[in-house]
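A look at the structure
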Amino acid sequence: LEDHYSPSRWSPRLDRDTIIDAHLAVTAAGTERARASVQTLLHVPYGNGDREKLDIYFPADISETFPVLVYIHGGYWQCLSKDDSGFAVPPLVSQGVAVVAVGYDIAPEGHMDAMVLQVRRSLVFLVQQYPRIRGIYLCGHSAGAHLAAMVLSTDWTEFQVVPNIKGAVLVSGVYDLEPILHTYVNDALNMSWEVAQRNSPMRHVPTAVAAACEVLVAVAQHDSPEFRRQSQEYSQALRAAGWFVSLLDLAGVDHFDVIEKLSEDSYILTQV
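Scope of this entry: the structure provided in the associated data block. (Residues numbered from 1 in each chain as written. Predicted model: local features only at pLDDT ≥ 70, side-chain atom pairs only at ≥ 80, totals over all residues. Heavy atoms only, no water.)

Glancing now at the environment of Asp-113. Examined against the element boundaries, Asp-113 turns out to sit in helix H3 (residues 112-129). For the pair formed by Asp-113 and Val-169, sequence separation is 56 residues and the distance between their alpha carbons is 22 Å. Once you skip the residues sitting within four places of it in the chain, Asp-113 turns out to touch Val-195, Arg-198 and Asn-199. (Helix = DSSP H or I, 4+ residues; strand = E, 2+ residues; numbered from the N terminus. Contact = heavy atoms within 4.5 Å.)

Here you go:
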């Protein structure tokens, strides 16, 4: 399990020590470029916590209504931030899509229940602040795909707002947290069995309603067998509950460049 839940061990491109540094460098540089070239509102608070902030990247014409892609970063719930999350912005903004990068409390300060709640609250804030939004599309990578999947299982009645989520792109995610309990990843997270159960999207797949959003579960060829299994099983569970879901198996990429390439117009995932 340690091996299977260490994405850096599975890339044929770079060794495990180099690949994470390379990923941080690529996402940071891409975000810097996006911030320099696009109209932004950075560090918008959606709550009172230090990390409860959004970065908003606007398309050129904001006089009309516009769709929003909400990006939830990965980092195994314990590293990365919204400040590395703007690398995918330019191709989307050029098509009239606003992009919102969500900040949340990472471990060890943040715990799993709180992170899930923060991401849900960030959407409620967006909907209340920006009535011109024409549909929300979630995109999460790795741990962010887990958080996006937890958004799909939300009972919105307690929030008095139902965000119009039209689509979700879940990239190389973890949808059942139980195996994580037995690995080094839980050292910082400190999850109990109950917390892992409560926050496993696989165990909380709601029955699709008539207007349920489209879900795309994407996984990399060079993701580990466990990541690939989880993607397959979660997409099957959604389909069984009546969701419109497709599984996209992306050739020639690993756990890291599967998302980095969203900065490229021609990349299949960017197109989708």
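This brings us to the pairing of strand E5 (residues 133-141). Counting buried positions over the nine residues of E5 gives seven, a clear majority of the element. As judged from the six bridges shared by strand E3 (residues 66-72) and E5, these two strands associate in the parallel manner. Bridge pairing in E5 links Leu-69 to Tyr-137. Of the crossover connections in this fold, the one passing from E5 over helix H4 (residues 143-152) to the parallel strand E6 (residues 165-171) is right-handed. (Buried < 20%, exposed > 50% of the residue type's maximum accessible area, 1.4 Å probe, protein only. Pairing = 2+ DSSP bridges. Right-handed = clockwise from strand over helix to strand, strands pointing away.)

In space, the eight strands of this open sheet follow the order E1-E2-E4-E3-E5-E6-E7-E8, with mixed pairing throughout. This sheet does not close on itself; its edge strands, each paired only once, are strand E1 (39-45) and strand E8 (244-254). The mean inter-strand angle of the sheet, taken between neighbouring strand axes irrespective of direction, is 20 degrees. Here four bridges tie strand E2 (residues 53-58) to strand E4 (residues 98-102), and the two strands are oriented antiparallel to one another. The residue bridging Leu-54 from the neighbouring strand is Val-102, located in E4. Strands E1, E2, E3, E4, E5 and E6 of the sheet are contacted by H3, whose axis makes an angle of about 160 degrees with E5. Running at roughly 135 degrees to E5, H4 makes contact with E3, E5, E6 and strand E7 (214-222) of the sheet. (Axes fitted to C-alpha atoms, helices over the stretch in contact; angles between N-to-C directions.)

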